[in-house]
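Observations on chain architecture
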Amino acid sequence: MRKGMLEYCVLLLLRRQPSYANDIIKQLKEADLIVVEGTLYPLLTRLKKESLLSYEWQESFQGPPRKYYALTAEGSQALSEMDATWSALSRTIEVLKGV
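Now for a quick tour of the structure. (Residues numbered from 1 in each chain as written. Predicted model: local features only at pLDDT ≥ 70, side-chain atom pairs only at ≥ 80, totals over all residues. Heavy atoms only, no water.)

**Considering helix α1 (residues 2-16)**
Three- or four-residue spacings in an α-helix give side chains the same orientation, since the helix completes a turn every 3.6 residues. The line we're drawing: Helix and strand assignments follow DSSP, with helices taken as H or I runs no shorter than four residues and strands as E runs no shorter than two, numbered in order from the N terminus. Multiplying 1.5 Å by the helix residue count minus one yields the expected span of that helix. Relative accessibility decides the category of a residue: with a 1.4 Å probe and only protein chains considered, values under 20% of the type maximum give buried, values over 50% give exposed, and everything between is partly exposed. Should any heavy atoms of two residues lie within 4.5 Å, those residues are counted as being in contact.
Taking 1.5 Å as the rise per residue, α1 with 15 residues should run 21 Å; its terminal C-alpha atoms sit 22 Å apart, in good agreement. Taken residue by residue, α1 has L6, E7, Y8, V10, L11, L13 and L14 as its buried positions. On its buried face, α1 is in contact with β1 (19-20), α2 (21-30), α3 (37-49), β2 (53-58), β3 (66-71) and α4 (73-97).

Structure follows, in structure tokens:
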């Protein structure tokens, strides 16, 4: 379940704006979802291979250029489908919890 949630959360973050991996990790930690580079980089690579993400190298004020990831059109579509699935699942859980 965590694997699918992590993919969904990363796509949600990238819907806001293109980001590089360390920023993604920071934002996930701020949301109490602890993720390490060894988990995130393979996920970003897989999402790129699936054409859900693209990336662009950008110069950095501190250190070497950074790879900024962004949603593709296919990524936006996949995120819309995940949003619908999450909404349906959330409704189901609320019913089962008796809320």
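**Looking at the packing of aromatic side chains**
The relation between two aromatic rings is expressed through the spacing of the ring centres and the mutual angle of the planes. Selection rule: Centres within 6.5 Å are what make two rings of Phe, Tyr or Trp a pair, Trp counting through its six-membered ring; a difference in plane orientation under 30 degrees is then read as stacked, over 60 as edge-to-face, and the rest as tilted. Counted as over-ring charges are cases with an Arg CZ or a Lys NZ within 6 Å of the ring centre that also lie within 35 degrees of the ring normal.
Per the stated rule, a full pass over the model turns up four aromatic pairs. Here the aromatic rings of Y55 and W57 are separated by 6.5 Å at their centres, their planes lie at 85°, and the arrangement is edge-to-face. Following the ring pairs from residue to residue traces out a cluster consisting of Y55, W57 and Y69. Over the ring of Y55 we find K67; its NZ or CZ atom is 4.2 Å from the centre of that ring.

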